[in-house]
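Here is how the chains run, residue by residue.
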Amino acid sequence: MTSSHNQTVSQITFLDELRSSTSSLHKQLESVSLSQLIVSPEITVQKYAEYLLVMQSIVKDVEAKVYPVISNFISDVDQRKKLNLIQSDLRVLGFSARNESTAFDADFEIPFALGIMYVLEGSSLGGRVILKNIEKQLGFTSDYGAQYFAGYKENTGLLWKNFISEMVRYEEDHDCGDVIIEGANFAFGIIHKHFENYAK
């Protein structure tokens with residue numbers, strides 16, 4: 001059996017474990033009212049803006065506190081910044097940033113930060129589904145009012161694959177899958193809490 005085959009099996013095993021170990025918290029996040037509304041025909045501009053306001057504080061913290069930690073291991077991290085896209089969309093919607101609560105207020109080790117990044121990068125894939133709903137129901141586009149959910153546009157799939165490849169390589173080199181999973185579950189939990197607190 002070749003080393004490349006062993007490496008592929010290792011990648012699949014870790015990714016399967018990552019997905020299965022985070023599926024419960026992932027589903028809980030998807031069950032939050034704003035998460036359901038954003039893909040519903042009932043979405044309104046007000047609720048759309050509320051969703052972006054919650055994500056603004058999360059993305060701001062990730063870019064400030066997670067990106068620097070993983071910048072030496074995720075080669076294209078500077079291409080992944082999206083805070084400016086959220087702010088642009090909010091301006092189009094006629095909303096200004098509220099006083100933001102802090103989503104992530106700790107320093108993170110590299111594998112834990114990679115777990116957080118896994119959740120945020122995964123949301124870029126889901127954003128493509130949300131974009132279609134926003135375009136259909138509210139009339140905004142990937143260039144006007146829905147730039148955040150357009151993500152990396154035609155490069156979304158490629159950048160996701162690149163991130164997964166580099167994350168898996170780091171896990172293989174450092175045997176830190178448990179910490180990456182811990183970081184991913186932490187991120188799902190914090191984002192869930194942020195959405196619930198906004199609704200109160």
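Residues numbered from 1 in each chain as written. Predicted model: local features only at pLDDT ≥ 70, side-chain atom pairs only at ≥ 80, totals over all residues. Heavy atoms only, no water.

Asks: Residues and numbers for the packing of aromatic side chains, please.
Replies: What describes a pair of aromatic rings is the distance from one ring centre to the other and the angle between the planes of the rings. Using the criterion set out here, one finds eleven aromatic pairs in the structure. For the pair Y51 and F149, a centre-to-centre distance of 5.6 Å together with 55° between the ring planes defines the contact as tilted. In this pair, Y51 is assigned in helix α3 (residues 45-70) and F149 in helix α6 (residues 147-150), connecting sequence segments 98 residues apart. The exposure class assigned to Y51 is buried, which follows from its relative accessible area of 10%. Among the aromatic residues, those joined into a ring-pair cluster are Y48, Y51, F140, Y148, F149 and F195. (Phe/Tyr/Trp six-rings, centres within 6.5 Å; stacked < 30°, edge-to-face > 60°. Helix = DSSP H or I, 4+ residues; strand = E, 2+ residues; numbered from the N terminus. Buried < 20%, exposed > 50% of the residue type's maximum accessible area, 1.4 Å probe, protein only.)

Asks: Provide a residue-level description of the nonpolar core, including the pertinent values.
Replies: With 62 residues, the main nonpolar core has Y48 and M167 as its most contacted residues. The element contributing the most residues to this core is α3, with 13 residues. Residues contacting M167, with those up to four places away along its chain left out, are F14, L15, L18, I74, L114, Y118 and I180. (Core = buried A, V, L, I, M, F, W, Y, C linked by side-chain atoms within 4.5 Å. Contact = heavy atoms within 4.5 Å.)

Asks: Tell me what's going on with the packing of α3 against helix α5 (residues 110-138), and back it up with residues and numbers.
Replies: Packing of α3 against α5 brings their axes to within 11 Å, and their N-to-C directions diverge by 155°. The orientation of α3 with respect to α5, classified from their angle, is roughly antiparallel. In terms of crossing hand, the pair formed by α3 and α5 is left-handed. Facing α3, whose interface residues are V45, Y48, Y51, M55, I58, V59, V62, V66, Y67, V69 and I70, α5 presents I110, A113, L114, I116, M117, L120, E121, I130, I134 and L138. When the residues that make up the contact of α3 with α5 are grouped by side-chain class, the tally is 20 nonpolar, no polar and one charged. (Axes fitted to C-alpha atoms, helices over the stretch in contact; angles between N-to-C directions. Parallel < 35°, antiparallel > 145°, perpendicular 65-115°, else oblique. Left-handed = near helix turned anticlockwise from the far one by under 90°. Nonpolar A, V, L, I, M, F, W, Y, C, P; charged D, E, K, R; others polar.)

Asks: Tell me about the pattern of salt bridges, and please be specific about residues and values.
Replies: Tallied over the full model, the rule gives seven salt bridges. The closest approach of N and O atoms between R19 and D16, which form a salt bridge, is 3.5 Å. Separated by three residues within a single helix, R19 and D16 lie in helix α1 (residues 3-31), roughly one turn from each other. R19 gets classed as partly exposed once you look at its relative accessible area, which sits at 45%. When its relative accessible area of 40% is taken as the criterion, D16 is described as partly exposed. (Salt bridge = Lys/Arg side-chain N within 4 Å of Asp/Glu carboxyl O.)

Asks: Outline a negative patch on the surface, supporting the account with residue identities and numerical values.
Replies: A grouping of E17, E109, D175, D178 and E182 is seen on the molecular surface, where their side chains present a negatively charged patch. Of note, D175 is situated in the loop between α7 (156-174) and α8 (177-199). According to the relative accessible area criterion, D175 is exposed, its value standing at 67%. (Patch = residues over 30% accessible without salt bridge, like charges linked within 9 Å, V, L, I, M, F, W, Y side chains within 5 Å. Areas by Shrake-Rupley, 256 points an atom, 1.4 Å probe, with all protein chains shown as cover. Lys, Arg positive; Asp, Glu negative; His and termini not counted. Charge placed at Lys NZ, Arg CZ, Asp CG, Glu CD.)

Asks: Please provide a residue-by-residue account of α3, values included.
Replies: With 26 residues, α3 should reach 38 Å at 1.5 Å per residue; the first-to-last C-alpha distance of 35 Å fits that figure. Maximum bend of α3: about 35°, positioned at E63. (Expected span 1.5 Å × (residues − 1). Bend = angle between axes of the 7 residues up to and from the residue.)

Asks: Just give me the short version of unusual backbone geometry, but keep the residues and values in it.
Replies: Phi is positive for K153, which is not a glycine, with a value near 55°. Residue placement: K153 occurs in the loop between α6 and α7. Relative accessible area serves as the criterion here: at 33%, K153 is assigned to the partly exposed category. A positive phi angle, close to 50°, is found at D175, a residue other than glycine.

Asks: Please give an account of the side chain of E171 that cites residues and values.
Replies: With respect to the secondary-structure elements, E171 resides in helix α7. The side chain of E171 sits in the buried core without any salt bridge; R169 is the nearest counter-charge, 11 Å away.

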